[in-house]
Amino acid sequence: MAGKGVTSQPLPAGPPVGIDLGTTFSVVAVCRKGKVEVLANDSGSRTTPSVVGFMGGESFVGEAAKDLPASSQVYDAKRLIGRPWKDDNVQADRKLWPFDLVEENGAPIISVNMDGKSEIFAPEEISAMVLKDLKKTAEDALGQTVTKAVITVPAYFNERQRQATKAAGAIAGLEVVGMINEPTAAAIAYGLDNESSTKKTVFIYDLGGGTFDVSVMVIQDSEFRVVASGGDTHLGGQDFDTRLLNHCVEEIRTQHGIDLWALKDQQSLQEVRRACELAKRKLSSVHEAPLSVFLARHQRGYATKISRARFEDLCADLFRKTIEVATEVLADSEVPRADIDEVVLVGGSTRIPKVRALLAAFFGGKELRHSVNPDEAVASGAAVRAAVLTGDTQANKLVKLKDVTPLSLGTDEIGGRFSVIIPKNSPLPCKNTRYYVTVEDNQSTITSEVFQGERPLFKDNHSLNKEVTVAVPVKPEGQAGVNLTFEINVDGLLTVTCVEPTTGRSQEVQITQKEAHLRDADIRAEKAKRYQREDDDALREVQERLRAQRFF
């Protein structure tokens, strides 16, 4: 009406949400009055593709982004977040993506063509766009403002990857009240669906679109205790799609003389990839699937049939890799295979029959549990965790969580040795302190650098690009020292404190998103096992050198 102003009323404050920020799909859920609800987006779907598209100066998320030209799409941000430019996986994946990467301060930055102009985005910014869309989904469904969330991360994410994910939440306007490992969140969803006072040892096998996680957990009543975790942050459905894609691109080259890789025809490659993903999904229920695509730029059609056996052969080594990781985690847990009560499947890629067959055989024919929705379980568990962390007494009765750290943390010491302060699979939260002394007469400071890994020499582990230096009293060798404390909170985030006990002088550092450029492929525990003989020889050499120095 003329002369009268109209103002919109702000939405009331809503509950915290749980977000499964996936490589290929993302999900948001809420826990209210002890009940979990997975929320549908404006397309009516409870899963949102983790794809961002740009056109006409605007950004689009989800299905709308997938409909845009390949050159306008950005996806797989989870495979970039927190990784350094030199990471082997980043360099290998660059060839597969329709967008460009550039290096900035040692980190990969995404370059997108927006109406003829190049715009750059950090991976955190792309993830933030997906999170912001999920935030809106929750607000539309609840009719309330959503400001707090728990975001899930792979159990094997390192410190930098966790901090970068938290930063993405902040960019999206969310207070990240906590982070939870994906298999742990899935176990919470499973436990709530299968309430029992009987103590159960559960093996969580989480194979998603881009990451793979395994956890051994003990569940009894409302207590969820993680015994051991492991995984591979670069293994999932996307890799299976790529194997099919390479097979089809080679057939197109031999049949039609068109080499899509050599031509860098990203639009055609994207269309073939989509067809491969569709065929892969069909092969979970049929033994042979048609695969066809019209290559508009070349005015050629390509059609073939892919058998389940052929698909399994193309991906055989990747499937076996999941069993190798499962073997390692069981060994770390010190739980005999026969003592696993339940094997729970999570993640869309566990629908693949060969994956299920290999896992069932690994456990001696044990029946696999797929009672939880593999696409929604992780977000559901995160929603419960969010309710617990924000003081929901009803949720607190449902879940008492005890998680672990998947990688050892420590510092360097004399002779090049890696001194472990927090061993891998330590229950979270945890706090350990060790005392380190001077190694020279009249030494005035002690500097300790932070490392992460499983190798006995610090040079073979990975620096988190953080160190603490504290002045100490000038005394003869070994008569002055510092207390070095490593503390990891329930979200797996690390704080390091160094204190000189006689004066109280101290320095504290935390791992933030700009630090700790780690190469995930190198810090896996399996690499430590492969290098065991070399490590034993190197450690023996260090010990002999130190003994000789003490003698002289």
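Every value quoted in this text rests on a predicted model; they were computed, and no experiment measured them. (Residues numbered from 1 in each chain as written. Predicted model: local features only at pLDDT ≥ 70, side-chain atom pairs only at ≥ 80, totals over all residues. Heavy atoms only, no water.)

Quick word on the overall build of the protein chain
Scanning the protein chain from terminus to terminus reveals 16 helices and 30 strands. Here the protein chain has a C-alpha radius of gyration of 25 Å; the compact-globule value for 552 residues is 24 Å, and the two agree. Projected onto its principal axes, the C-alpha coordinates of the protein chain cover approximately 80 × 70 × 55 Å. Within the span of the protein chain, comprising 552 residues, buried residues form 54% of the whole. Within the protein chain, counting contacts between residues at least 6 apart in sequence, those at least 24 apart form 65% of the total. In the structure as shown, the protein chain presents an accessible area of about 24000 Å², 47% of it carried by carbon and sulfur atoms. Taken together, the 68 basic and 77 acidic charged side chains of the protein chain have centroids lying 2 Å from each other. (Helix = DSSP H or I, 4+ residues; strand = E, 2+ residues; numbered from the N terminus. Rg over C-alpha atoms; globule rule 2.2 N^0.38 Å. Buried < 20%, exposed > 50% of the residue type's maximum accessible area, 1.4 Å probe, protein only. Contact = heavy atoms within 4.5 Å. Areas by Shrake-Rupley, 256 points an atom, 1.4 Å probe, with all protein chains shown as cover. Lys, Arg positive; Asp, Glu negative; His and termini not counted. Charge placed at Lys NZ, Arg CZ, Asp CG, Glu CD.)

Considerations on the domain arrangement of the protein chain
Each domain of the protein chain was delimited in the assignment, giving domain 1 (11-193 + 374-402), domain 2 (237-314) and domain 3 (407-550). For domain 1 and domain 2, the distance between their C-alpha centroids amounts to 28 Å. Between domain 1 and domain 2, the contact holds 15 residues from the first and eleven residues from the second. Of all residues in domain 1, Ala70, Arg79 and Leu96 give up the largest surface area on contact with domain 2, accounting jointly for 42% of the area buried on that side. Summed over the shared surface of domain 1 and domain 2, the result is one salt bridge. The shortest N-O distance in the salt bridge between Arg79 and Asp239 comes to 2.5 Å. Residues belonging to the side of domain 1 that touches domain 2 are distributed by class as follows: seven nonpolar, three polar and five charged. (Domains from an automatic or database assignment. Buried area = accessible area lost by both parts, 1.4 Å probe. Salt bridge = Lys/Arg side-chain N within 4 Å of Asp/Glu carboxyl O. Nonpolar A, V, L, I, M, F, W, Y, C, P; charged D, E, K, R; others polar.)

Regarding helix α8 (residues 266-282)
Side chains that are three or four residues apart share a direction in an α-helix, a result of its 3.6 residues per turn. Its 17 residues give α8 an end-to-end C-alpha distance of 24 Å, which sits within 8% of 24 Å, the value for a rise of 1.5 Å per residue. Counting buried residues along α8, twelve of its 17 residues qualify, which places the element largely inside the surrounding structure. For α8, the set of buried residues is Gln266, Gln267, Ser268, Leu269, Gln270, Val272, Arg273, Ala275, Cys276, Glu277, Ala279 and Lys280. Where α8 is buried, its residues contact β2 (25-32), β7 (73-74), α6 (237-256), α7 (260-263), β16 (288-295) and α9 (308-314). (Expected span 1.5 Å × (residues − 1).)

Section: the nonpolar core
Counting residues in each nonpolar core, the largest one holds 51 residues, and the members touching the most others are Phe203, Tyr205, Val272, Phe311 and Leu359. Element by element, the count of residues in this core is highest for helix α10 (residues 316-333), at seven residues. Leave out the neighbours within four places in its chain, and Phe203 touches Val214, Ser215, Val216, Ala326, Leu330, Ile340, Glu342, Val343, Val344, Leu359 and Phe363. Counting residues in hydrophobic clusters, the runner-up holds 45 residues, among them Leu39, Ala65, Met114 and Met179. (Core = buried A, V, L, I, M, F, W, Y, C linked by side-chain atoms within 4.5 Å.)

Notes on the environment of Glu124
With respect to the helices and strands, Glu124 occurs in helix α3 (residues 123-142). Spatially, the C-alpha atoms of Glu124 and Ala77 are 7.6 Å apart, while their sequence positions differ by 47 residues.

Digging into α10
For α10, which comprises 18 residues, the first-to-last C-alpha distance of 26 Å matches the rise-based estimate of 26 Å (1.5 Å per residue) to within 8%. Leu318, Phe319, Thr322, Ile323, Val325, Ala326, Glu328, Val329, Leu330 and Ser333 are the residues of α10 that are buried. In the stretch just after α10, Glu334 is the one whose phi turns positive, near 60°.

A few points about empty space enclosed by the protein
Under the criterion given, the structure shown has eight cavities of 30 Å³ or more. Here the largest cavity defines a volume of roughly 110 Å³. In terms of residues, the lining of the largest cavity owes the most to one element, α3, which gives three residues. Class assignment of the residues belonging to the lining of the largest cavity gives a composition of eight nonpolar, six polar and two charged. (1 Å grid on protein atoms, 1.4 Å probe; cavity = no way out; pocket = protein on both sides within 12 Å on 5 of 7 lines; lining within 4 Å. Points joined across faces, edges and corners; volume = space filled by probe spheres on them.)

A word on the pattern of salt bridges
Going through the model one piece at a time under the given rule, you end up with 22 salt bridges. A salt bridge links Arg46 to Glu376, with the shortest nitrogen-to-oxygen separation between them at 2.9 Å. With Arg46 in the loop between β3 (35-38) and β4 (48-49) and Glu376 in the loop between β19 (368-369) and α12 (377-389), the pair connects residues that are 330 residues apart, well separated along the chain. Taking the relative accessible area as the measure of exposure, Arg46 reaches 39% and is therefore partly exposed. Under the relative-accessibility criterion, Glu376 is labelled buried at 12%. With a closest N to O distance of 3.9 Å, Lys402 and Glu223 form a salt bridge. Of the two residues, Lys402 sits in strand β20 (residues 400-402) while Glu223 sits in strand β15 (residues 223-232), which places them 179 residues apart along the sequence. Taken together, the shared-partner salt bridges connect Lys200, Glu342 and Arg369 into one network.

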